[in-house]
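Fold and geometry: a report
Take a look at the letters that make up each chain.
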Amino acid sequence: MRMQKGTFISILLLFMFLFLLIIVNLPSPRLVSEIKITNEASNQYLLISNLPERIWFGQSEKIHIQLLHDNSQSGLMIKKTEQSNFDSRKIQNLEVDFVMTGAELTPLGISITPMIEGKDIMMNWAIKPTTDQDVIGTVWIYINTFPDGDDKENIRELIFTRNLSINIKTVRGLSVSTIKWILSIFFFFNIIYLFRSFRKIKVFNGIQK
């Protein structure tokens, strides 16, 4: 059975559209950083920031900030390690502040979470680009503490900061959902075309016999 030229091209297009659909649906690369934090009582914590490096235009991604008691470091994906120290003053809360342009962040504004002894902190945001331009911004993370004594002021200590430059992926300004619909439609029509082509070849071979 000799394959027709149109059928051969359709098969190539089918694999091409399937390949593009796989690429579009691949998870975005992440930028993971870790800071070790210790105090005078030798308590150790891990501050882990997990940010997207690239986002498809029209797609929402997650931002994760975690403050963990450093009992075990197994299973952590670490690209950058830093060290920060703070003294044994009583900790009030963990403060995270995002400032960025070109994206919507949920929840908005400054996020403050009480730090309770023996409990980990896990904070999450949804980030969605509003344009097809790269997202530019900065994240600041503070530990707010107050020292012993009623006559001393609270202390706000910066423990982590990073400039953000998130690449926005798009094709001719189309959102990722539109790209997926276009690829899916072409993929579907190629399957229909191939089904009909092989059916015609089967019928033709049956007549020849």
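We now turn to the structure provided with this report. (Residues numbered from 1 in each chain as written. Predicted model: local features only at pLDDT ≥ 70, side-chain atom pairs only at ≥ 80, totals over all residues. Heavy atoms only, no water.)

Before going further, it helps to examine the environment of W56. Considering the arrangement of structural elements, one finds W56 in strand β3 (residues 54-56). Residues W56 and K169, spaced 113 residues apart in sequence, show a C-alpha to C-alpha distance of 4.5 Å. (Helix = DSSP H or I, 4+ residues; strand = E, 2+ residues; numbered from the N terminus.)

For the rest of this paragraph, the subject is the pairing of strand β9 (residues 121-129). Note on strand geometry: in a regular strand, side chains alternate between the two faces of the sheet. Strand direction decides the pairing type here: strand β4 (residues 61-69) and β9, joined by seven bridges, are antiparallel. Each residue of the ladder has a partner; that of H64, found in β9, is N124. The pairing of strand β7 (residues 103-106) with β9 spans four bridges and is antiparallel. Bridging from a neighbouring strand, E104 pairs with K128 of β9. (Pairing = 2+ DSSP bridges.)

Looking now at the pattern of salt bridges. In the structure shown here, the tally under the stated rule is two salt bridges. In this structure, the salt-bridge partner of E61 is R30, at a minimum N-O distance of 3.5 Å. Of this pair, E61 sits in strand β4 while R30 sits in strand β1 (residues 30-38), and the two are 31 residues apart along the sequence. R156 is the salt-bridge partner of E95, the closest N and O atoms lying 2.6 Å from each other. With E95 in strand β6 (residues 90-101) and R156 in strand β11 (residues 155-169), this residue pair connects regions lying 61 residues apart in the sequence. Judged by its relative accessible area of 5%, E95 falls in the buried class. (Salt bridge = Lys/Arg side-chain N within 4 Å of Asp/Glu carboxyl O. Buried < 20%, exposed > 50% of the residue type's maximum accessible area, 1.4 Å probe, protein only.)

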